[in-house]
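Secondary and tertiary structure notes
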Amino acid sequence: MPSAAMKKKVLLMGKSGSGKTSMRSIIFANYIARDTRRLGATIDVEHSHVRFLGNLVLNLWDCGGQDTFMENYFTSQRDNIFRNVEVLIYVFDVESRELEKDMHYYQSCLEAILQNSPDAKIFCLVHKMDLVQEDQRDLIFKEREEDLKRLSRPLECVCFRTSIWDETLYKVISHYQCKEQRDVHRFEKISNIIKQFKLSCSKLAASFQSMEVRNSNFAAFIDIFTSNTYVMVVMSDPSIPSAATLINIRNARKHFEKLERVDGPKHSLLMR
């Protein structure tokens, strides 16, 4: 088990029904959007651990958003919930009819974060944007973003508009990319392909090692990377020889193996 020092605590908060658990399940639990309909409401706090490398673990706290739970978070559970937080992700339902209450709870979260984890990074998701008329989305998001940034002071927040039904959720994941992608649906497509591939392997109880897919437009490689992860490399230039890509994967593997503590022979396919 990785050391506690490498665990990063992430709080996922927002009112009940805002879409927190659906979002978490798509990003971290390999759900596809239509399967989230069977998810129930989160009761109190659900804990999950998501491993990215051998000794880098996200300790994800999905906090139920019913009024009773929210009040408890700010009173009797305040220190436990808000201590040692690395990231706060607060989810707002864009169609909420209780916006004033939503903002009140958000401000209460900020006060607790400022007291217990002042260095935490804060992200606000204006969620379910697919329910807003397309010609109104930019305006509504800009208004919400301005309000949230103002309410967050002296802390800083980064805002995103999101939906589980389009590519916006994946833009959050790829926020720190340097290169703009021509296909805005790229990450959504790749994620869904990998999820379906994992399900197929699981159903067949297949032992997977590596694969290469190549056509006139791209070349894609999936290979064992470290003792706990696989890597997927997509080359936009298919003329690059396979051997060159595999050499780069092999050289990168040596570096990442130094970061990862060997934790047994079991491999997991992590495509984030």
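It should be noted that the structure appears before, not after, this text.
The rules behind the values
- Residues numbered from 1 in each chain as written.
- Predicted model: local features only at pLDDT ≥ 70, side-chain atom pairs only at ≥ 80, totals over all residues.
- Heavy atoms only, no water.
- Helix = DSSP H or I, 4+ residues; strand = E, 2+ residues; numbered from the N terminus.
- Phe/Tyr/Trp six-rings, centres within 6.5 Å; stacked < 30°, edge-to-face > 60°.
- Buried < 20%, exposed > 50% of the residue type's maximum accessible area, 1.4 Å probe, protein only.
- Axes fitted to C-alpha atoms, helices over the stretch in contact; angles between N-to-C directions.
- Left-handed = near helix turned anticlockwise from the far one by under 90°.
- Contact = heavy atoms within 4.5 Å.
- Nonpolar A, V, L, I, M, F, W, Y, C, P; charged D, E, K, R; others polar.
- Salt bridge = Lys/Arg side-chain N within 4 Å of Asp/Glu carboxyl O.

What follows deals with unusual backbone geometry. Cis geometry marks the peptide bond from Arg-153 to Pro-154; its omega dihedral reads 10°. Inspection of the secondary structure assignment puts Pro-154 in the loop between helix H5 (137-152) and strand E6 (157-161). Notably, Asn-84 is not glycine yet its phi reads approximately 60°, a positive angle. Summarising the element assignment, Asn-84 is placed in the loop between helix H3 (78-82) and strand E4 (85-93). In this model, Lys-128 sits at a positive phi of 65°, which is unusual for a non-glycine residue. Of note, Lys-128 is situated in the loop between strand E5 (121-127) and H5.

It is worth spelling out the packing of aromatic side chains at this point. Summed over the entire model, instances satisfying the criterion amount to six aromatic pairs. Taking 6.0 Å as the distance between ring centres and 15° as the angle between the ring planes, the aromatic pair formed by Phe-74 and Phe-82 counts as stacked. Residue Phe-74 is classed as buried on the basis of its relative accessible area, which comes to 12%. Each residue in the set Phe-74, Phe-82 and Tyr-105 is aromatic and connected to the rest through ring pairs, giving one cluster.

What follows concerns the packing of helix H4 (residues 99-116) against H5. Geometrically, a packed helix pair is captured by the angle between its two axes and the distance between the axes. Running from amino to carboxyl end, H4 crosses H5 at an angle of 35°, the nearest separation of the two axes being 10 Å. As H4 packs across H5, the resulting crossing turns out to be right-handed. On H5, the residues that touch Leu-99, Met-103, Tyr-106, Gln-107 and Leu-110 of H4 are Arg-144, Asp-147, Leu-148, Leu-151 and Ser-152. The class makeup of the residues in the contact of H4 with H5 is six nonpolar, two polar and two charged.

Further remarks concern the pattern of salt bridges. Counted under the stated rule, the structure contains seven salt bridges. Here Asp-67 and Lys-101 are joined by a salt bridge, their closest N and O atoms 3.0 Å apart. Taken together, the residues span a long stretch of sequence, with Asp-67 in helix H2 (residues 67-74) and Lys-101 in helix H4 at a distance of 34 residues. Among the ionic pairs, Lys-128 bridges to Asp-93, the shortest N-O distance being 3.6 Å. Within this pair, whereas Lys-128 is found in the loop between E5 and H5, its partner Asp-93 is found in strand E4, the two being separated by 35 residues in sequence. Classification of Asp-93 as buried rests on a relative accessible area of 13%. Among the charged side chains, a salt-bridge network with shared partners connects Asp-67, Glu-98 and Lys-101.

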